[in-house]
Amino acid sequence: MSPLPKLTLVLGGAASGKSSYAEGLITSSGLAKIYIATAQVFDDEMAAKVARHRDLRGTGWTTLEEPLDPGAILSQHGPDSAVLVDCATLWLTNVMLAEQDVPAACAVFVQAMADCAAPVVVVSNEVGQGIVPDNALARRFRNAQGALNQAIAGQADRVVAVMAGLPLVLK
């Protein structure tokens with residue numbers, strides 16, 4: 001068993017290995033494994049990705065799907081479980097598509113993670129290392145994702161960047 005900090009942020013690019021790394025943190029804690037899935041399935045490709053992630057996770061996980069309000073689930077778990085939120089990037093996409101107040105929703109989400117009695121590991125994409133997007137919506141998303149990642153990192157006890165499946169502890 002490995003103790004988990006109260007809040008861990010796992011950052012990386014697409015297909016970098018961040019979800020597998022985060023799942024390993026939860027599994028090694030020895031606590032009940034809670035998985036909050038923020039993805040919404042709109043097409044066959046996404047359905048296949050979700051199924052692949054579920055198969056790779058294996059058994060023993062309680063999976064709860066919550067695309068817009070993961071804080072409601074976080075508030076229900078105590079120190080006998082460890083919660084993985086996968087991922088903040090898809091959650092932010094859902095919030096923006098629902099035309100919610102992004103800064104307010106982000107503040108509520110970050111506070112819910114800080115208030116959770118269970119240790120929380122949250123996965124998020126690092127989107128600021130690419131080229132400047134060519135349209136206003138993509139630039140707005142990139143900026144909102146950067147702000148969200150910074151807010152989570154500010155609250156987190158541990159921040160890990162994952163590249164090519166290799167973790168680098170930043171904090």
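Here the structure is a predicted model, which is why all the values come from computation and not from measurement.

Thresholds applied
Residues numbered from 1 in each chain as written. Predicted model: local features only at pLDDT ≥ 70, side-chain atom pairs only at ≥ 80, totals over all residues. Heavy atoms only, no water. Pairing = 2+ DSSP bridges. Helix = DSSP H or I, 4+ residues; strand = E, 2+ residues; numbered from the N terminus. Axes fitted to C-alpha atoms, helices over the stretch in contact; angles between N-to-C directions. Contact = heavy atoms within 4.5 Å. Phe/Tyr/Trp six-rings, centres within 6.5 Å; stacked < 30°, edge-to-face > 60°. Buried < 20%, exposed > 50% of the residue type's maximum accessible area, 1.4 Å probe, protein only. Disulfide = S-S within 2.5 Å. Expected span 1.5 Å × (residues − 1). Polar contact = N/O pair within 3.5 Å; in protein donor to acceptor, adjacent residues only side chain to side chain.

Chemist: Go over the sheet that holds strand S2 (residues 32-37) with me, naming the residues and quoting the values.
Modeler: Within the open sheet, the seven strands sit side by side as S3-S2-S4-S5-S1-S6-S7. Their pairing is mixed. For this open sheet the edge positions go to strand S3 (61-65) and strand S7 (166-169), each flanked by a neighbour on one side alone. Between one strand and the next, the sheet's axes are offset by a mean angle of 20°, whatever the strand orientation. Across four bridges, the pairing between strand S4 (residues 81-86) and strand S5 (residues 120-125) is parallel. Within S5, the residue paired with Asp86 across the bridge is Val123. Sitting on the sheet, helix H1 (residues 18-28) is in contact with strand S1 (7-12), S2, S3, S4, S5, strand S6 (158-163) and S7, with an inclination near 175° to S5. In the packing of helix H6 (residues 136-155) onto the sheet, the strands contacted are S1, S5 and S6, and the crossing angle to S1 comes to about 145°.

Chemist: Kindly report on the packing of aromatic side chains, identifying the contributing residues and their values.
Modeler: Here the structure, examined in full by the defined rule, presents two aromatic pairs. On the basis of an interplanar angle of 85° and a centroid distance of 6.0 Å, the ring pair of Tyr35 and Trp61 is categorised as edge-to-face. In this pair, Tyr35 sits in strand S2 while Trp61 sits in strand S3, placing the two residues 26 residues apart along the sequence. Trp61 carries the same exposure label as Tyr35, and that label is buried. Where Trp91 meets Phe109, the ring centres are 4.4 Å apart and the plane angle is 35°; that geometry is what we call tilted. Taken together, the residues Trp91 in helix H4 (residues 88-97) and Phe109 in helix H5 (residues 102-115) connect sequence positions 18 residues apart. Across the pair, exposure class does not vary: Trp91 and Phe109 are buried alike.

Chemist: Talk me through the state of the cysteines; I want residue IDs and the actual numbers.
Modeler: For the structure shown, the criterion picks out zero disulfides. Among the cysteines around Cys106, which has no disulfide bond, Cys87 carries the closest sulfur, lying 13 Å off. Cys116 forms no disulfide, and the closest cysteine sulfur to it belongs to Cys87, at a distance of 18 Å. Residue classification places Cys116 among the buried positions, given a relative accessible area of 1%.

Chemist: Provide a residue-level description of H5, including the pertinent values.
Modeler: Between its terminal C-alpha atoms H5 stretches 20 Å, which fits the 20 Å expected from 14 residues at 1.5 Å a residue. Regarding H5, the residues found buried are Val102, Ala105, Cys106, Phe109, Val110, Ala112, Met113 and Ala114. Residues of H5 that are buried in the fold lie against S1, helix H3 (70-74), S4, H4, S5 and H6. Between the side-chain oxygen at the start of H5 and the backbone nitrogen of Ala104 there is a gap of 3.1 Å, and the oxygen is on Asp101.

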